[in-house]
Each structure stands twice: as C-alpha cells, then as structure tokens.
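Residue-level structural notes
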Amino acid sequence: MKLFRELVEFKKTDRTWHLPVLAGLCVGIPVLAGYYTGHLVDGKLASMAGLVILYLQVQQQVANQLIKLMACSFGLMVSFTIGAIASFHPLWSCLILGIYASTVHLALFYLKMNKPPGNFFFIMIASVAVCLPHDLAIVPHRIGLVGIGTMTSCLLAFLFFLLMNRRMPATPETITVAKSRYVNLIESITFGFFVGAALLAGRLLKLDNPYWIPTSCAAVMQGVSVKHIWQRSVQRILGTFVGLVLTWAILLLHPPVPVLCLSIVLLQIIVEILVVRNYGLAVIFITVLTIFLAESGAALASDPNTLLATRFIDIFLGSAMGSLGGWILYNEKLQFAATRQLRKTKVILSKLKE
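Along each chain, the written sequence defines residue order, and numbers are assigned to residues from 1. The predicted origin of the model limits local features to residues at a pLDDT of at least 70 and limits the giving and counting of side-chain atom pairs to 80 or more, whereas totals for whole chains, interfaces and linings rest on all residues. The basis for the side-chain values is all heavy atoms of the structure; hydrogens and waters are excluded.

**Describing the overall build of the protein**
Formally: A run of DSSP states H or I qualifies as a helix once it reaches four residues; a run of E qualifies as a strand once it reaches two. Both are numbered from the N-terminal end. What makes two residues a contact is simply this: any of their non-hydrogen atoms within 4.5 Å. What sets the accessible areas is the Shrake-Rupley method with a 1.4 Å probe; for residues, cover comes only from the shown protein chains.
On a plain count of helices and strands, the protein comes out with 15 helices and 0 strands. Contacts in the protein between residues at least 24 apart in sequence constitute 80% of all its contacts with a sequence separation of at least 6. When the accessible surface of the protein is totalled, it reaches about 17,900 Å², and 71% of it is carbon and sulfur.

Here it is in structure tokens:
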C-alpha cells in the first residue's frame, strides 16, 4: 500500500509556470518552422536539440547560466557527432556508445553538473544519432540542425532572463551529496556498460530504432537510490503503457500534421509541469511526445499498431535493464569491493613506477 501511495503521490514543487512554457517554445518553434518550410523531419531533429533548455537553473546568475547553456549546447552537438560517426557498424556502435556514456557521466561529476537532468540528454541524442542510417555526407547537415535547435534555446533563454529574471521568485539550491572519485569512476563504468548493453540487446533482437532501449535505461538509472530506481522503472513501464494507449487513440482520429506539431508544444509544457510532481504521470505524456517527435509521419500513419507494440517492447526492455543497472550502481557491498580493488590497483601501479 505504501508503494502504491508513493507511485501516485503528487509532490509539491516551487517550479513556476514560466519554465514549462519556455521549454514548450524551445521544442515547438523548430518543429513548426520545419513544417512550414517543408522540412518536418529536420525540424524534429532540431526540436530534440532544443531540450537543452532543461539544463537552465534560474536560481543562478544569468551570465553563468547562459555560459552553462552554451556549453551544454556544444556538448549535445558533440554527442550527436560521436553517435553519427559510430553508426558505421551495429556492434561497434554499442561499445562506442557505452564508452561515451561513461565519459559523459565522469566528466559531469568533475564539472559539478550531475544534478538532474545530468547526463540524460547527452546520452539520448547520442543514442538517436547512432541508430540513424550511416551516411557521412549528411552528418554535417544534421549537426547543423542540432546547432540550430540549441541556438534557438539559448536565444529564448536570453530573452527569458531579460523579461522575467527580476520577477522570478528565488529558488533554493539543490543539495547534492559529494562522492569520491573512486565511487564516481565505478558508477561511470557501470552506467556506460548498461547503456551500451541496452543498445546491444536491441541490435541482437533486430529491433527497429533501438535507441529507445538505451534512452529508457539511462532514464531509469537517473534515480538516486535502489528504491528510487525501481520506483522509476515501474512508473516508466506503467506510464508508457497508458501513454501508448493514449497515442493509439489519438492516431485513430487521424489528426492533421499541423495539429500534431502544435500538440508537441502543449505536451512539452504538460511534461515539464508534471515531471517534478509525479514521474509516472509525466511518463504518459512523455510517451506521446516522444513518439510524435521521433517518428516520421509515414510510420505514424501506415501501421501505428505495430509501431506502438514495438515501442512498448523497447521501453520495457530498457527499463528492466536500467533497474538491474541501478541495483548494481547502488549496491553498497559491490561498490565497497570495487572501490577497494581500485585503491589496491593504484598502489600496485605506484610501486611499479618506482
């Protein structure tokens, strides 16, 4: 009963309506521009990059936040580039994605940027890129689209601070727990291993667009404890199921493309309002949003039943692997043993150098 209450609990938050609206604009403007210029697929890719706006923290100084946002924008472009280049081979791409996920996790620890959303969007954009058809000729074009999406978000963030900064209430700084470099190294290796293994599972099962699996795995492993990770896993699976049913019902109505584009804006706003209050409820709308954003219009119209069934399998598998990875990530005995072994190895290497 307690677990059920925690799953449906609607938490209080100090987040105002401004940031959800800003996020909706950052995601919606590129996709609407893509539709009206006849390049909807390009617009959707730019919209994904627009999610960089979620790294905005209004309680910090404006200059610091804009610098941080531009740095994250560059990071997303690097993530997409590495994923696009790594797509040359289905198996090697799994290894490269895993190594990159470990590197990002480790780097954000030293940059003190491991607060949510942390490494998630860097891994998500790399996972999307690594599952695109390999074609080096159009990689620069796609990187440019990612750049357009991030620049749009940076510009809107700048305007947001100009208009709203003095009216925004002060938000308390999030408290983070300090970790030793050994613990973080172990966590980074574990994180990268399971993200790479999640993509490998999708490759071996020959699933279409398997980037949903590592993305779901990374999302679940964002939890702060074993209990939190298992809770997120259950919420993600149940929320995904309800979200897919909702998506199926919407597609039965055969909504026109402009309506789908506008719904992406509305869904992003709803997600940002709900995600800090109840993750499971937010996942329902995240599912609808990501399908509208990631899938082409032809896939949505031709065979939505097969598409939605495949997506549920992807997310279920990714969430399950994320739960296993989270259990290992926060298992104190395994963590202590691994840390002790790393310390011993360092001592042995130091003696050998002497």
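There's more to say after this.
**Digging into the layout of surface pockets**
As a reminder of what qualifies: Of the two site types, the cavity is a set of points on a 1 Å grid over the protein atoms alone where a 1.4 Å probe fits but cannot get out, and the pocket is an open set with protein on both sides within 12 Å along at least five of seven lines, each lined by residues with an atom within 4 Å of a point. Grid points are joined across faces, edges and corners, and a volume is the space filled by probe spheres set on the points.
Here the second largest pocket is characterised by a volume of approximately 440 Å³. As for the second largest pocket, its lining consists of 18 residues, and the residues nearest its centre are V41, L45, L132, R142 and A294. Those elements giving two or more residues to the lining of the second largest pocket turn out to be helix 3 (40–49), helix 7 (139–164) and helix 12 (279–294). Top contributing element to the lining of the second largest pocket by residue count: helix 3, with 5 residues.

**Digging into helix 5 (residues 92–110)**
Here is the rule we go by: For a helix, the expected span equals 1.5 Å multiplied by the residue count minus one.
Between its first and last C-alpha atoms helix 5 spans 28 Å; for 19 residues at 1.5 Å apiece the expected length is 27 Å, and the two agree. Taken from the residues just after helix 5, K112 is the one with a positive phi, measuring 55 degrees.

**Some thoughts on empty space enclosed by the protein**
In plain terms, the rule: Under this grouping Gly is polar, as are all residues other than the nonpolar Ala, Val, Leu, Ile, Met, Phe, Trp, Tyr, Cys and Pro and the charged Asp, Glu, Lys and Arg.
Throughout the structure, instances matching the rule amount to 2 cavities of 30 Å³ or more. Looking at the largest cavity, its volume works out to about 40 Å³. In this structure, the largest cavity is lined by I82, G83, A86, S93, I96, L97, Y100, A126 and V130. Counting residues per element, the ones that place at least two in the lining of the largest cavity are helix 4 (62–86), helix 5 and helix 6 (120–130). The biggest single contributor to the lining of the largest cavity is helix 5, with 4 residues. For the lining of the largest cavity, the per-class residue count stands at 7 nonpolar, 2 polar and no charged.

**Observations concerning the packing of aromatic side chains**
We count it as follows: In summary, the pairing rule links any two rings of Phe, Tyr or Trp, Trp by its six-membered ring, whose centres are within 6.5 Å, and it sorts them by plane angle into stacked for under 30 degrees, edge-to-face for over 60 and tilted for everything else. Each residue's exposure class comes from its accessible area (1.4 Å probe, protein chains only) as a fraction of the maximum for that residue type: buried when under 20%, exposed when over 50%, partly exposed otherwise.
With the rule as written, the count across this model stands at 10 aromatic pairs. For the ring pair F120 and F121, a centre distance of 5.0 Å and an interplane angle of 75 degrees mean the geometry is edge-to-face. Since its relative accessible area comes to 15%, F120 is described here as buried. On the basis of relative accessibility, which here comes to 10%, the residue F121 falls in the buried class. An aromatic cluster is defined as three or more aromatic residues linked by ring pairs; in this entry it consists of Y55, F120, F121 and F122.

**What about the environment of G144?**
On the secondary structure map, G144 appears in helix 7. Relative accessible area serves as the criterion here: at 33%, G144 is assigned to the partly exposed category. Taking the C-alpha atoms as reference, G144 lies 8.5 Å from M77; in sequence the two are 67 residues apart.

**Brief notes about the pattern of salt bridges**
Quick note on the threshold: When a carboxyl oxygen of Asp or Glu lies within 4 Å of a side-chain nitrogen of Lys or Arg, that pair is called a salt bridge.
Under the counting rule described, the total for this entry stands at 1 salt bridge. Of the charged contacts in the structure, one is a salt bridge between R311 and D314, with a shortest N-O distance of 2.8 Å. Taken together, the residues R311 and D314, both in helix 14 (residues 304–329) and 3 residues apart, mark about one turn of the helix.

**A closer look at the packing of helix 11 (residues 257–274) against helix 12**
The condition is simple: Each axis is a line fitted through C-alpha atoms, taken for helices only over the stretch in contact, and angles between the N-to-C directions span 0 to 180 degrees. Here the angle decides the label: under 35 degrees means roughly parallel, over 145 means roughly antiparallel, 65 to 115 means roughly perpendicular, and every other value means oblique. Crossing chirality is assigned from the near helix's rotation relative to the far helix, an anticlockwise turn below a right angle marking it left-handed and a clockwise turn marking it right-handed.
Contact pair helix 11 / helix 12: the axes reach a minimum separation of 9 Å and the direction vectors enclose 150 degrees. Relative to helix 12, the element helix 11 lies roughly antiparallel. Between helix 11 and helix 12 the crossing geometry is left-handed. Only L281, A282, F285, I286, V288, L289, F292 and L293 of helix 12 make contact with helix 11, whose side of the interface consists of L260, S263, I264, L267, Q268, I270, V271 and L274. Along the lines of polarity and charge, the residues of the contact of helix 11 with helix 12 split into 14 nonpolar, 2 polar and no charged.

**Here we look at the side chain of S73**
Spelled out, the test is: Any N or O atom pair separated by 3.5 Å or less is treated as a polar contact, with the protein-specific requirement of one donor-capable and one acceptor-capable atom, and with residues adjacent in sequence counted only for side-chain atom pairs.
Topologically, S73 is positioned in helix 4. Here S73 falls in the buried class, since its relative accessible area comes to 5%. Separated by 2.8 Å, the side chain of S73 and the backbone oxygen of L69 make a polar contact. Sequence-distant contacts of S73, defined by excluding residues within four places in its chain, comprise V52, T150 and C154.

**With respect to the nonpolar core**
Threshold: By convention a nonpolar core is built from buried Ala, Val, Leu, Ile, Met, Phe, Trp, Tyr and Cys residues, the set being connected through side-chain atoms within 4.5 Å.
L22, I53, L56, L69, F80, F121 and F292 are the most contacted members of the largest nonpolar core, which has 85 residues in total. Apart from the residues lying within four places of it in its own chain, the contact partners of F80 are L45, I125, A129, L132, R142, I143 and V146.

**Let's talk about the confidence of the model for the protein**
Counted only if it meets this: A residue's pLDDT is the confidence the predictor assigns to it, expressed on a 0 to 100 scale.
Looking at the protein as a whole, the pLDDT averages 82, with 81% of positions reaching at least 70. Confidence, expressed as mean pLDDT per element, reaches its minimum in the protein at helix 1 (residues 2–8) with 54 and its maximum at helix 6 with 92.

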